[in-house]
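# Descriptive analysis of the structure
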Amino acid sequence: GTQIDTCQRRYISTFAFMDLTGRQWLTCFDEHAQMILGKSADELYELECTDKVAFEGVWKAAYFKEYMIKVRAKAEEYKGETRAKYSVMSLEPVNYVTESQHLISEIRRYLK
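About the cut-offs
- Residues numbered from 1 in each chain as written.
- Predicted model: local features only at pLDDT ≥ 70, side-chain atom pairs only at ≥ 80, totals over all residues.
- Heavy atoms only, no water.
- Buried < 20%, exposed > 50% of the residue type's maximum accessible area, 1.4 Å probe, protein only.
- Helix = DSSP H or I, 4+ residues; strand = E, 2+ residues; numbered from the N terminus.
- Arc of directions from axis to C-beta.
- Contact = heavy atoms within 4.5 Å.
- Phe/Tyr/Trp six-rings, centres within 6.5 Å; stacked < 30°, edge-to-face > 60°.
- Lys NZ or Arg CZ within 6 Å of the ring centre and 35° of its normal.
- Salt bridge = Lys/Arg side-chain N within 4 Å of Asp/Glu carboxyl O.
- Expected span 1.5 Å × (residues − 1).
- Polar contact = N/O pair within 3.5 Å; in protein donor to acceptor, adjacent residues only side chain to side chain.
- Disulfide = S-S within 2.5 Å.
- Axes fitted to C-alpha atoms, helices over the stretch in contact; angles between N-to-C directions.
- Parallel < 35°, antiparallel > 145°, perpendicular 65-115°, else oblique.
- Nonpolar A, V, L, I, M, F, W, Y, C, P; charged D, E, K, R; others polar.

Further remarks concern helix α2 (residues 41–50). Within the sequence span of α2, burial applies to A41, L44 and L47. Taken down its axis, α2 places every buried residue within 120 degrees of arc, on the same side. At its buried positions, α2 is contacted by α1 (30–37) and α3 (52–61).

Structure representation (structure tokens):
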């Protein structure tokens with residue numbers, strides 16, 4: 001067999017996302033978690049091992065950011081119970097100019 005000395009860590013994380021309607025826990029995989037945290041899983045692991053304050057700072061810096069998110073809802077059965085599981089399919093920071101233009105065009109459409 002092959003022996004590997006190092007590994008590449010990847011995220012499978014659950015984050016709480018909120019909007020005006022409430023809060024939902026969503027699963028984020030590596031690509032989206034890196035966008036939220038601004039660090040790879042390997043970089044975050046190194047911080048956790050060497051600098052706890054900086055490690056906590058990465059998590060705190062991710063609080064209260066705004067994103068446009070597409071979510072997949074999937075029904076899964078566990079111990080005879082059906083539950084909905086939510087995963088992030090796409091995530092990008094809010095582009096306020098684009099969103100404002102979209103809202104203005106929608107308002108104009110209703111005023112006609």
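There's more to say after this.
One pass over the full model with this rule turns up three aromatic pairs. Centroid distance Y63 to F64: 6.2 Å. Interplanar angle 85 degrees. Geometry classified as edge-to-face. Here the aromatic residues F15, F17 and W59 are joined through ring pairs into a cluster of three or more. Over the ring of Y45 we find R9, and its NZ or CZ is 3.7 Å from the ring centre. When the ring centre of Y110 is taken as origin, the NZ or CZ atom of R109, which lies over that ring, is 5.1 Å away.

What follows concerns the pattern of salt bridges. Per the stated rule, a full pass over the model turns up four salt bridges. Measuring nitrogen to oxygen at the nearest pair gives 3.2 Å for the salt bridge that ties R9 to D42. Placement of R9 in the segment before β1 (12–19) and of D42 in helix α2 is noted, with a sequence separation of 33 residues between them. Accessibility expressed as a relative area gives 26% for D42, which makes it partly exposed. Residue R109 pairs with E106 through a salt bridge whose shortest N-O separation is 3.3 Å. Taken together, the positions of R109 and E106, both in helix α4 (residues 96–111) and three residues apart, correspond to about one turn of that helix. Given the relative accessible area of 23%, E106 is considered partly exposed.

Compared with an ideal rise of 1.5 Å per residue, which puts 16 residues at 22 Å, α4 spans 22 Å between its outermost C-alpha atoms and is within 8% of the ideal. Of the residues flanking the start of α4, the one acting as N-cap is N95, its side-chain oxygen 3.2 Å from the backbone nitrogen of V97.

As a further point, take the state of the cysteines. Enumeration over the complete set of coordinates arrives at zero disulfides. Free of any disulfide, C7 has its nearest cysteine sulfur in C49, 11 Å distant.

Let us look at the environment of L111. Tracing the sequence through the fold places L111 in helix α4. According to the relative accessible area criterion, L111 is exposed, its value standing at 70%. Separated by 13 residues in sequence, L111 and T98 place their C-alpha atoms 20 Å apart.

In this section: the packing of α2 against α3. Two elements in contact, α2 and α3, have axes whose closest approach is 6 Å; the angle formed by their N-to-C orientations is 140 degrees. With respect to their mutual orientation, α2 and α3 come out oblique. Within the contact between the two elements, α2 uses L44, L47, E48 and T50 and α3 uses K52, A54, F55, V58 and W59. A breakdown of the residues in the contact of α2 with α3 according to their chemical character gives six nonpolar, one polar and two charged.

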